Each structure stands twice: as C-alpha cells, then as structure tokens.
Amino acid sequence: MWSGPRNISTALMRSWGNRPDTFVIDEPFYAYYLKGTGVAHPGAEEVIMSSETNWRKIVAQLTGSVPNDARIFYQKQMTHHLLPEIDRDWLRQMRNCFLIRDPSEVIVSYMKKNDEPTLEDLGFVQQAEIFDFAQRETSSVPPVVDADDVLRDPKRMLQLLCDAIGIEFTEAMLSWPRGPRPTDGIWAKYWYAEVENSTSFRPYQPRVKEVPERLRGVYERCYEYYEQLYRHRLH
C-alpha cells in the first residue's frame, strides 16, 4: 500500500493488522531513506541504528516468505522512501495498491511537524511514478483508494479494495484494540499517538484546508499528480 505522509496510512495498517490471516510491516525503507537523505526527522539516528539500511536486504524480506505463516503480507510503504537508486523490478512480484489524500490536507497536516515541506517530502510525484510503473508492468489499473472516501464509509471502501485484489473482506478490519503494536516502527512514539488512542477509523469531518501562499506552488504541483490517481479511485 503506497501512500505519502500525513495520510490515514497507519490507521489502514491497523485495519489490515487486525485480520487474523495478515502480517503487517511498517515503512520498511524508512531507515534507508533517513540515512540516504539526511533529513531531520524525530528520532532519525535511533531509527537508522535499529533498522535495516541495505535496500537489497529489505527487498529480499518483502518478496520472501510471509512472516508468521500468514496468508497476506500487508506492507505499509511511503512513496518518498523509495529513493531513485532502489531497483523497481521487485514491484512486479507485488500487488501494488495506492492510498491518496487531497494535498491541501496533507500539507496542512505535515506543517505541524515541518513548517516548510518540499515537493519531495510530500510523496505525490513519487506516488505517480510508482503507479505508472505498476500500471505499465501489469497492463491494468492498480487499485486506488482516497482517504476521505475511506473515512466516509470504511466498510464499503474496504470491501471494494478487497474485491479489487481478490481477498475476502472481514468485519475485523473495521475496528481494533487501542494501544501500540509490536509491528509498529520504533518511530511510533513520535508519530502515532492519535492512532494508538483509536479503536476504529475516525469519522469523516470536512475541514478548512488553507495552504499558505508560500506553499501554493508546491500544492499546485502535488494536485496535478493527485488528480491523475484520483480519477482511477475505487468508488
């Protein structure tokens, strides 16, 4: 599941992680990304020291046998973590799905952690590139879900997603126990407070999404790529 930051990606990981037949992994390329870019994220040094930073070993894990003898291996992936030097061939072995969100919501949320997000930070360009690769290699349109659609009607959207990838939907995906998970990344203490206090998807609420003028150009570029995927969304 490929998404950018400040989406509902962790809640969606909770949803899939609550299935008894599924093992989830949380942002496996994060440490590689931090080491390769040197970006200043909370706890970056700790993440790098405690996680795999060899992308070939990460790919081998992602394409190998499913941990815990699970039937489904749900991989929460950040699009901007897949740096250009990482070979894309392994994606042919995966069922690539895409979680999108209106860039105005992403930018306003991201600014709570970083007041000056760049185009590269937000992952929209990279998401479109991965989507194009998956579409080209499979000669079919990969499943796309929009975060607002999921929040409006989680059951319906999760049923559509499961149908699209040939997996039976289960009600277990609609709620989960409160608290952390052993499958959460070590960075959870910096980013996951809201999800750790949740037991289901939060109800959809329209928001005022005012992007500062200084970030207007970034927003407009992001929206171009968001719109490309939005027209393919399940609905």
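Now for a quick tour of the structure. (Residues numbered from 1 in each chain as written. Predicted model: local features only at pLDDT ≥ 70, side-chain atom pairs only at ≥ 80, totals over all residues. Heavy atoms only, no water.)

### Brief notes about the side chain of Asp-184
Then, number 1: Among the structural elements, Asp-184 can be located in the loop between helix H9 (154-165) and helix H10 (188-191).
Then, number 2: Residue classification places Asp-184 among the buried positions, given a relative accessible area of 11%.
Then, number 3: For Asp-184, the contacting residues outside a window of four places in its chain are Met-13, Arg-14, Asp-26, Tyr-192 and Glu-196. (Helix = DSSP H or I, 4+ residues; strand = E, 2+ residues; numbered from the N terminus. Buried < 20%, exposed > 50% of the residue type's maximum accessible area, 1.4 Å probe, protein only. Contact = heavy atoms within 4.5 Å.)

### Quick look at the packing of helix H7 (residues 124-138) against helix H12 (residues 216-230)
Then, number 1: As a packed pair, H7 and H12 sit with axes 8 Å apart at the nearest point and diverge in direction by 30°. The angle between H7 and H12 places the two elements in the roughly parallel class. Classified by chirality, the crossing of H12 by H7 is left-handed. Residues Phe-124, Val-125, Gln-127, Ala-128 and Phe-131 of H7 lie in contact with H12, whose contacting residues are Cys-222, Tyr-225, Tyr-226, Gln-228 and Leu-229.
Then, number 2: Looking at the contact of H7 with H12 residue by residue, the classes come out as eight nonpolar, two polar and no charged. (Axes fitted to C-alpha atoms, helices over the stretch in contact; angles between N-to-C directions. Parallel < 35°, antiparallel > 145°, perpendicular 65-115°, else oblique. Left-handed = near helix turned anticlockwise from the far one by under 90°. Nonpolar A, V, L, I, M, F, W, Y, C, P; charged D, E, K, R; others polar.)

### Describing helix H1 (residues 9-17)
Then, number 1: Buried residues dominate H1, accounting for eight of its nine residues.
Then, number 2: Among all positions of H1, only Ser-9, Thr-10, Ala-11, Leu-12, Met-13, Arg-14, Ser-15 and Trp-16 are buried.
Then, number 3: In this structure, the buried side of H1 is in contact with strand E1 (2-3), strand E2 (22-26), strand E3 (72-78), strand E4 (98-100), H9 and helix H11 (193-196).

### Some remarks on the nonpolar core
Then, number 1: Phe-29, Leu-82, Trp-90, Phe-98, Ile-107 and Leu-122 are the most contacted members of the largest nonpolar core, which has 49 residues in total.
Then, number 2: Phe-98 has contacts with Met-1, Trp-2, Gln-127, Ile-130, Phe-131, Ala-134, Pro-142, Pro-143, Val-144, Val-145 and Leu-229, leaving out every residue within four places of it along the chain.
Then, number 3: By size, the runner-up hydrophobic cluster in this structure holds 26 residues, among which are Ala-147, Leu-158, Cys-162 and Ile-165. (Core = buried A, V, L, I, M, F, W, Y, C linked by side-chain atoms within 4.5 Å.)

### Focus: the side chain of Gln-75
Then, number 1: Structurally, Gln-75 is set in strand E3.
Then, number 2: Here the side chain of Gln-75 touches Leu-62 through a polar contact of 3.0 Å, landing on its backbone oxygen.
Then, number 3: In contact with Gln-75, other than residues within four places in its own chain, are Met-1, Ile-25, Leu-62, Trp-90 and Met-94. (Polar contact = N/O pair within 3.5 Å; in protein donor to acceptor, adjacent residues only side chain to side chain.)

### Concerning the state of the cysteines
Then, number 1: Tallied over the full model, the rule gives zero disulfides.
Then, number 2: Cysteine Cys-162 shares no disulfide, and the gap to the nearest cysteine sulfur, in Cys-97, comes to 9.5 Å.
Then, number 3: A relative accessible area of 0% means that Cys-162 is categorised as buried. (Disulfide = S-S within 2.5 Å.)

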